[in-house]
Amino acid sequence: EAGVTQFPSHSVIEKGQTVTLRCDPISGHDNLYWYRRVMGKEIKFLLHFVKESKQDESGMPNNRFLAERTGGTYSTLKVQPAELEDSGVYFCASSQDPGTTDTQYFGPGTRLTVL
Amino acid sequence: GQQLNQSPQSMFIQEGEDVSMNCTSSSIFNTWLWYKQDPGEGPVLLIALYKAGELTSNGRLTAQFGITRKDSFLNISASIPSDVGIYFCAGQALIYGNKRVFGAGTILRVKS
């Protein structure tokens with residue numbers, strides 16, 4: 001069974017440009033999460049989808065970030081316009097059931113560098 | 001918001017040595033988790049702890065959920081080269097919206 005996949009693996013863009021990150025969760029997983037790790041810091045929660053609905057988007061930094069999950073399958077995270085502080089590794093994770101006992105399976109991450 | 005203080009930040013040890021790392025917080029959690037991230041990969045769950053005082057092992061790994069619910073530790077016995085990576089602790093509680101709160105990670109390097 002395929003794991004969580006993310007595309008691209010790396011992205012280097014200039015400040016002010018737009019970037020769209022994609023996440024394909026494990027098939028059948030209704031829960032999809034986005035996280036971000038700025039270099040050397042903690043992994044921070046961004047948001048949680050249940051199917052196509054945003055269950056919790058309290059971690060989204062600001063309105064330059066837009067996440068979608070059309071049809072409840074793959075998800076995209078768009079940053080527009082990108083700023084220097086948006087650089088980091090963006091992880092996606094998916095799970096079957098939410099809650100404290102669910103195992104979230106992480107993708108390999110997208111490393112975003114904003115110059 | 002909730003924060004986890006993970007220590008040490010990095011370790012460089014000899015193969016065969018035991019490793020100990022911990023995670024503390026001023027907040028109470030109902031679940032503690034330990035993850036490992038290999039280079040180029042995403043974090044993978046190693047151990048999950050659900051009860052205060054719980055001690056759980058997974059092969060050479062042992063983790064404990066602190067009695068105060070504010071801390072946890074992870075021990076690795078007889079380290080081997082493939083233990084290299086970044087280890088993250090994470091806490092979770094319903095009162096914080098069930099979001100996982102992660103530490104900044106402990107980088108482990110092993111000399112063979």
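Quick notes on the rules
Residues numbered from 1 in each chain as written. Chains lettered and ligands numbered in written order. Predicted model: local features only at pLDDT ≥ 70, side-chain atom pairs only at ≥ 80, totals over all residues. Heavy atoms only, no water. Helix = DSSP H or I, 4+ residues; strand = E, 2+ residues; numbered from the N terminus. Buried < 20%, exposed > 50% of the residue type's maximum accessible area, 1.4 Å probe, protein only. Contact = heavy atoms within 4.5 Å. Areas by Shrake-Rupley, 256 points an atom, 1.4 Å probe, with all protein chains shown as cover. Phe/Tyr/Trp six-rings, centres within 6.5 Å; stacked < 30°, edge-to-face > 60°. Lys NZ or Arg CZ within 6 Å of the ring centre and 35° of its normal. Buried area = accessible area lost by both parts, 1.4 Å probe. Salt bridge = Lys/Arg side-chain N within 4 Å of Asp/Glu carboxyl O. Polar contact = N/O pair within 3.5 Å; in protein donor to acceptor, adjacent residues only side chain to side chain. Pairing = 2+ DSSP bridges. Axes fitted to C-alpha atoms, helices over the stretch in contact; angles between N-to-C directions. Core = buried A, V, L, I, M, F, W, Y, C linked by side-chain atoms within 4.5 Å.

Caption draft 1: Here's a closer look at the overall build of chain A. Per the secondary structure count, chain A includes zero helices and eleven strands. Going residue by residue from the N terminus, the α and β elements of chain A occur as β-β-β-β-β-β-β-β-β-β-β. Seen along its three principal axes, the alpha-carbon backbone of chain A occupies a region of about 40 × 25 × 25 Å. Residue burial in chain A is summarised as follows: out of 115 residues, 48% are buried. Long-range pairs, those at least 24 residues apart, make up 52% of the contacts in chain A with a sequence separation of at least 6. As displayed, chain A offers around 5800 Å² of accessible surface, 47% of which is attributable to carbon and sulfur atoms.

Caption draft 2: Representation of the packing of aromatic side chains. Taken as a whole, this structure holds eleven aromatic pairs over all chains when the rule is applied. Taking 6.2 Å as the distance between ring centres and 90° as the angle between the ring planes, the aromatic pair formed by F106(A) and F102(B) counts as edge-to-face. In this pair, F106(A) sits in strand β10 (residues 105-106) while F102(B) sits in strand β10 (residues 101-102), so the two residues belong to two different chains. Of the two residues, F106(A) and F102(B), neither departs from the other in class, the shared state being buried. Through pairs of rings, three or more aromatic residues link up here, namely Y33(A), Y35(A), F45(A), F91(A), F106(A), Y35(B) and F102(B). Just above the ring of Y74(A) sits the side chain of R22(A); from NZ or CZ to the centre is 3.7 Å. Here the guanidinium or amino end of K111(B) rests over the ring plane of F12(B), the centre of that ring lying 5.2 Å away.

Caption draft 3: Region of interest: the interface of chain A and chain B. With 19 residues of chain A in contact, the opposing surface of chain B contributes 19 residues. Together chain A and chain B conceal approximately 1500 Å² of surface at their shared face, both sides included; 56% is due to carbon and sulfur atoms. Between the two partners, chain A and chain B, sit one salt bridge. Here K99(B) and D56(A) are joined by a salt bridge, their closest N and O atoms 3.3 Å apart. Counting the contacts that link chain A with chain B gives three residue pairs in polar contact (both at pLDDT 80 or more).

Caption draft 4: Quick peek at the pairing of strand β9 (residues 88-95) of chain A. Residues and elements named next belong to chain A. Among the eight residues of β9, eight are classified as buried, and the element is accordingly described as predominantly covered. The pairing of strand β4 (residues 31-37) with β9 spans seven bridges and is antiparallel. When the sheet's bridge partners are listed, N31 is paired in β9 with S95. Sheet topology note: the β9/strand β11 (residues 110-114) ladder contains three bridges and is antiparallel.

Caption draft 5: Structural detail: the sheet that holds strand β7 (residues 65-68) of chain A. Residues and elements named next belong to chain A. The strand order across the open sheet built from four strands is β1-β3-β8-β7, with neighbouring strands paired in antiparallel fashion. Every interior strand has two partners, whereas the edge strands, β1 (5-7) and β7, have only one. The sheet shows a mean angle of 15° between the axes of neighbouring strands, taken without regard to direction.

Caption draft 6: Quick look at the sheet that holds strand β8 (residues 71-76) of chain B. Residues and elements named next belong to chain B. Pairing is antiparallel in the open sheet, where five strands are placed in the order β1-β3-β8-β7-β6. Each edge of the open sheet carries a strand with a single partner, namely β1 (5-7) and β6 (55-58). For this sheet, the mean angle separating the axes of adjacent strands, direction not counted, is 15°. As judged from the five bridges shared by strand β7 (residues 61-65) and β8, these two strands associate in the antiparallel manner. Bridge pairing in β8 links T62 to N75.

Caption draft 7: Quick look at the nonpolar core. W34(B), L74(B) and L108(B) are the most contacted members of the largest nonpolar core, which totals 23 residues. Of all the elements in the fold, those that place two or more residues in this core are β2 (10-14), β3 (19-24), β4 (31-37), β5 (44-49), β7, β8, β9 (85-92) and β11 (106-111) of chain B. By size, the runner-up hydrophobic cluster in this structure holds 21 residues, among which are I13(A), L21(A), C23(A) and F65(A).

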